[in-house]
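Secondary and tertiary structure notes
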Amino acid sequence: MIVFLIFTFLLEIGIFPGFFPNIPTPEFFIPIIVTASLLKSRKHGMIIALIFGILLDTFYLRGFGIRTVVFLSIGYFLGTYRDNFSKQSIFVNLIMTLASSVYYMIVYFLLINLTVGGVGLNSVIKSIFSLQIPILMVYSLLSHYIFRMKEKRR
């Protein structure tokens, strides 16, 4: 699990932007936070959200703390209402990843513009309709599989 989280961090800060500079980099931790919150617990999702939100905020520096707050809100909400969802369903995981990704893009856009400014609505619309969502759906499947595989080992 730790290797997967480190790989995801490296994928987001260097590998993906290096290979695909013309595509906005997806927030690869959203599917992991969603999966951890649904399959494990609110605490598990929020710990991952806090650690990697701070790491990513430190790396990108723009609007420090905003990413962490949005990640924590996703982990908290899904962890709180996880009993209302069929936690084992990959379909629920995909839908929650899609909803969380759109939520992230909209809230991040609003908070960044309120604090430091400079992000146009055009970039948010491009992000929503670019390859970010399909990439996150595939990463959600991978994340769900890895969490389930770890669960089966126990």
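Everything here concerns the structure above.
Residues numbered from 1 in each chain as written. Predicted model: local features only at pLDDT ≥ 70, side-chain atom pairs only at ≥ 80, totals over all residues. Heavy atoms only, no water.

Topic: the overall build of the protein
What counts is decided by this rule: Where helices and strands are cited, they refer to DSSP runs of H or I of at least four residues and of E of at least two residues respectively, numbered from the N terminus. Radius of gyration means the value over C-alpha atoms here, while the globule rule gives 2.2 Å times the residue count to the 0.38 power. The buried label applies to any residue whose accessible area, calculated with a 1.4 Å probe on protein chains only, is under 20% of its type's maximum; exposed applies above 50%, and partly exposed to all values in between. Here the Shrake-Rupley method, with its probe set to 1.4 Å, supplies the accessible areas, and only the displayed protein chains count as covering residues. Just so you know, the count uses Lys and Arg for positive and Asp and Glu for negative, and it drops His and the chain ends. In this description, the location of a charge corresponds to atom NZ of lysine, CZ of arginine, CG of aspartate or CD of glutamate.
Scanning the protein for helices and strands turns up seven helices and zero strands. For the protein, the N- to C-terminal ordering of α and β elements is α-α-α-α-α-α-α. Computed over its C-alpha atoms, the radius of gyration of the protein comes to 15 Å, within 12% of the 15 Å expected for a compact globule of 154 residues. Overall size of the protein, expressed as C-alpha extent along the three principal axes, is 45 × 30 × 25 Å. Put simply, the protein has 154 residues, and 44% of those count as buried. For the protein, the computed accessible surface area is about 8200 Å², with 72% contributed by carbon and sulfur atoms. Charge separation in the protein, taken as the distance between the mean sites of 13 positive and 5 negative side-chain charges, equals 6 Å.

Notes on the side chain of Ser140
The cut-off we apply is this: Contacts described as polar in this section are N or O atom pairs within 3.5 Å, which, within protein, must combine one atom able to donate a hydrogen with one able to accept it, while residues neighboring in sequence count only if both atoms come from side chains. Pairs of residues are marked as contacts when any of their non-hydrogen atoms sit within 4.5 Å.
Inspection of the secondary structure assignment puts Ser140 in helix α7 (residues 132–153). There is a polar contact of 3.1 Å between the side chain of Ser140 and the side chain of Thr97. For Ser140, the residues in contact, after removing those within four places along its chain, are Pro31, Thr35, Asn93, Leu94 and Thr97.

Describing the packing of helix α2 (residues 29–39) against helix α3 (residues 42–60)
Quick note on the threshold: Every axis in this analysis is a line fitted to C-alpha atoms, fitted for helices over the stretch in contact. Angles between the N-to-C directions lie between 0 and 180 degrees. The labels follow the angle: roughly parallel below 35 degrees, roughly antiparallel above 145, roughly perpendicular from 65 to 115, and oblique for the rest. When the near helix sits turned anticlockwise from the far one by under a right angle, the crossing is termed left-handed; a clockwise turn instead gives a right-handed crossing. Polar here means any residue other than Ala, Val, Leu, Ile, Met, Phe, Trp, Tyr, Cys and Pro, which are nonpolar, and Asp, Glu, Lys and Arg, which are charged; Gly is therefore polar.
Contact geometry of α2 with α3 gives a least axis separation of 7 Å together with a crossing angle of 160°. Taken together, the axes of α2 and α3 lie roughly antiparallel to each other. Handedness of the crossing formed by α2 with α3: right-handed. On α3, the residues touching Phe29, Ile32, Ile33, Ala36 and Ser37 of α2 are Arg42, His44, Gly45, Ile48, Ala49, Phe52 and Leu56. Per-class residue counts for the contact of α2 with α3 are eight nonpolar, three polar and one charged.

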